[in-house]
Amino acid sequence: MTSMTLDRASAAAASVRVRIPDDKAMLRAAAELTRDLVQPRAGIYWADLIASSVVGYGALALAIGTASTAVMIVAGVVSMLALYRGMSMIHELTHVKHAQLRGFRAGWNALIGVPMMIPSFMYEGVHNLHHAKTRYGTSEDPEYLPLALMKAWTLPVFVVVSMLAPVGLLIRYAVLAPLSAVSPRLRTAVVSRYSALSINPSFRRRMPEGEERERWVRAEAATAVWAIALIVLTATGGIPFKAFAIFMVVGAGVALINQVRTLVAHLWENEGEAMSVTAQYLDTVNVPPPALLPVLWAPVGLRYHALHHLLPGLPYHSLAEAHRRLSKVLEPASPYHKASYKGLPALVGKLAVATIRPR
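Everything in this summary refers to the structure shown in the same document. (Residues numbered from 1 in each chain as written. Predicted model: local features only at pLDDT ≥ 70, side-chain atom pairs only at ≥ 80, totals over all residues. Heavy atoms only, no water.)

**Points about the nonpolar core**
Moving on, step 1. Met89 and Trp108 are the most contacted members of the largest nonpolar core, which totals 52 residues.
Moving on, step 2. It is helix H12 (residues 241-263) that contributes the most residues to this core, eight residues altogether.
Moving on, step 3. When residues no more than four places from it in sequence are discounted, the contact partners of Trp108 are Leu49, Gly86, Met87, Met89, Ile90, Leu93, Gly113, Ile118, Pro119 and Ser120.
Moving on, step 4. Among the nonpolar cores identified, the runner-up in size contains 18 residues, and Ala29, Leu37, Leu282 and Leu311 belong to it. (Core = buried A, V, L, I, M, F, W, Y, C linked by side-chain atoms within 4.5 Å. Buried < 20%, exposed > 50% of the residue type's maximum accessible area, 1.4 Å probe, protein only. Helix = DSSP H or I, 4+ residues; strand = E, 2+ residues; numbered from the N terminus. Contact = heavy atoms within 4.5 Å.)

**A closer look at helix H16 (residues 319-329)**
Moving on, step 1. When we look at burial in H16, the residues that qualify are Leu319, Ala322, His323 and Leu326. Looking straight down H16, one finds that the buried residues subtend no more than 100° of arc, so they occupy a single side. (Arc of directions from axis to C-beta.)

**Describing the packing of aromatic side chains**
Moving on, step 1. The tally for this structure, following the rule as stated, stands at nine aromatic pairs.
Moving on, step 2. With a centroid separation of 5.0 Å and 55° between ring planes, the pair formed by Tyr144 and Trp268 is classed as tilted. Taken as a pair, Tyr144 in the loop between helix H7 (127-130) and helix H8 (154-160) and Trp268 in the loop between H12 and helix H13 (277-282) lie far apart in primary sequence, 124 residues in all.
Moving on, step 3. Classification of Tyr144 by relative accessible area gives buried; the value is 2%.
Moving on, step 4. Taking the relative accessible area as the measure of exposure, Trp268 reaches 1% and is therefore buried.
Moving on, step 5. Ring pairing ties together the aromatic residues Tyr45, Trp46, Phe104 and Tyr316, which thus form one cluster. (Phe/Tyr/Trp six-rings, centres within 6.5 Å; stacked < 30°, edge-to-face > 60°.)

**Section: the side chain of His266**
Moving on, step 1. Locating His266 in the fold gives a position in the loop between H12 and H13.
Moving on, step 2. At 3.2 Å, the side chain of His266 and the side chain of His130 are in polar contact.
Moving on, step 3. Setting aside chain neighbours within four positions, we find His266 in contact with His130, Tyr136, Asp283, Thr284, Val285, His305 and His309. (Polar contact = N/O pair within 3.5 Å; in protein donor to acceptor, adjacent residues only side chain to side chain.)

**Side note on a nonpolar patch on the surface**
Moving on, step 1. Where nonpolar side chains cluster on the molecular surface, the patch consists of Trp153, Val157, Val161 and Leu164 and spans about 430 Å² of accessible area.
Moving on, step 2. Among the secondary structure elements, Trp153 is positioned in the loop between H7 and H8. (Patch = residues over 30% accessible without salt bridge, like charges linked within 9 Å, V, L, I, M, F, W, Y side chains within 5 Å. Areas by Shrake-Rupley, 256 points an atom, 1.4 Å probe, with all protein chains shown as cover. Salt bridge = Lys/Arg side-chain N within 4 Å of Asp/Glu carboxyl O.)

**Some remarks on the side chain of Arg187**
Moving on, step 1. Positionally, Arg187 belongs in helix H10 (residues 184-193).
Moving on, step 2. Accessibility expressed as a relative area gives 17% for Arg187, which makes it buried.
Moving on, step 3. Separated by 3.3 Å, the side chains of Arg187 and Ser180 make a polar contact.
Moving on, step 4. Once you skip the residues sitting within four places of it in the chain, Arg187 turns out to touch Ser180, Met207, Trp216 and Glu220.

**Overview of the packing of helix H4 (residues 69-88) against H12**
Moving on, step 1. Where H4 contacts H12, the axes come no closer than 9 Å and their chain directions differ by 55°. When the axis of H4 is compared with that of H12, the two are oblique. As H4 packs across H12, the resulting crossing turns out to be right-handed. Side by side, H4 and H12 meet where Met72, Gly76, Ser79, Met80, Leu81, Leu83, Tyr84 and Met87 of the first sit next to Lys242, Ile246, Val250, Gly253, Val254, Ile257, Asn258 and Arg261 of the second.
Moving on, step 2. Partitioned by chemical class, the residues of the contact of H4 with H12 number ten nonpolar, four polar and two charged. (Axes fitted to C-alpha atoms, helices over the stretch in contact; angles between N-to-C directions. Parallel < 35°, antiparallel > 145°, perpendicular 65-115°, else oblique. Left-handed = near helix turned anticlockwise from the far one by under 90°. Nonpolar A, V, L, I, M, F, W, Y, C, P; charged D, E, K, R; others polar.)

**Details of the environment of Lys342**
Moving on, step 1. Considering the arrangement of structural elements, one finds Lys342 in the loop between H16 and helix H17 (344-356).
Moving on, step 2. Separated by 152 residues in sequence, Lys342 and Val190 place their C-alpha atoms 40 Å apart.
Moving on, step 3. Once you skip the residues sitting within four places of it in the chain, Lys342 turns out to touch Val287 and Ala291.

Purely geometric numbers; function is a separate question.
Okay, structure coming up:
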C-alpha cells in the first residue's frame, strides 16, 4: 500500500469517526439504568480521601526517615501511589454537587490540594469544558491533543516532561503568585496560561469572578505560603535537603503516572471537528475487570473513563455497577462494548503504532 493510499485511509477513518451518529439505544440505557446511582456517598468520599492522605504522607515520612535505601524506595512508591489516588479525586470535585458533599472541597484542598500544590481551582472550571459536547476534541478543549496523529517523538516527550511538574508548581506558587499580586499584567498571564491542569498549549483561561474568585484567592494564597515556606525552610536547613528531594521525586512520580494514564485515556484520533456523544465515547477508554493494575494507575473510577463521558455526573463509586448493568443489557453489537480494552500495554502500543503510520 502506498503512502498516499495510507493517507487517504487515515483521513477517511477520521472522517468516519467524526460522522458517527449517536446510538440512541446506548444513550437511553445509560440514563435509565443508572438513575438510582447518581447520589454521591459522603462516607466513601471522606474515607477514601483520608485513607489516601494517611497512607501517602505516612509512607512519605517513612521514606524520608529511613536509613535503608530499599525501604526508602518501597515507601516512596507506596507514597506515590496513595497520593496519586488522593490527587485523582480532584476529578470528582469538578462534577459533584458540593451541596451533597459539604466541606469536601475544603477538606481535599487542605489534605491534598495545597500540600501538593494543585489547589482545586486549577481543574474546576477547566475540566467541564472537556465534557462540553461542542468542545470535546476541538482546539477549545483544554484536555485534548490529537496525539495519535502527531509525530512519534511527541509521545515520549509528552510523558517525560510531566516529571518537571513539581518544579513548575513551585515556581508558579512561590514566585509567580506573589509577583502577580502586584503586577496586573503578569497576573493576566498567570491566570490565563499557568492556572489550569490542561494539555492543550493553546488553551487560555478566563479571569475568575464572584465566589469563584474568592475561593481561588484563598486557595492560591495558602498554596503560595506553603511553597515559599518549603523553599525557605529547605534553603535555611529547617527541612533537610533529603526530605525536600524525596518529596519532589514523589511528586514527579505522581505526575508521571498521571501523564501515562492521560496518554491512554483517549484514542486521540480527532483532528478538531465536533463529535457526537457516541463518537466521543468511542474515542475514550474503559479498562474494566478482570484487569487488576488499573486499580493503581487509573484509580477513583478513571478505569471507566469512557463510561464517565456518557454519564459525567455519576459518582466514581457507582461506575463499576453502572458498567455491569450496561454490559449485561446492551447487545453485543452495541458501541458500548467497543470502548473497553484489556490494559495499559495494548493501549500504549495502539497509540505508538498510530504515530508511526505513514500519512
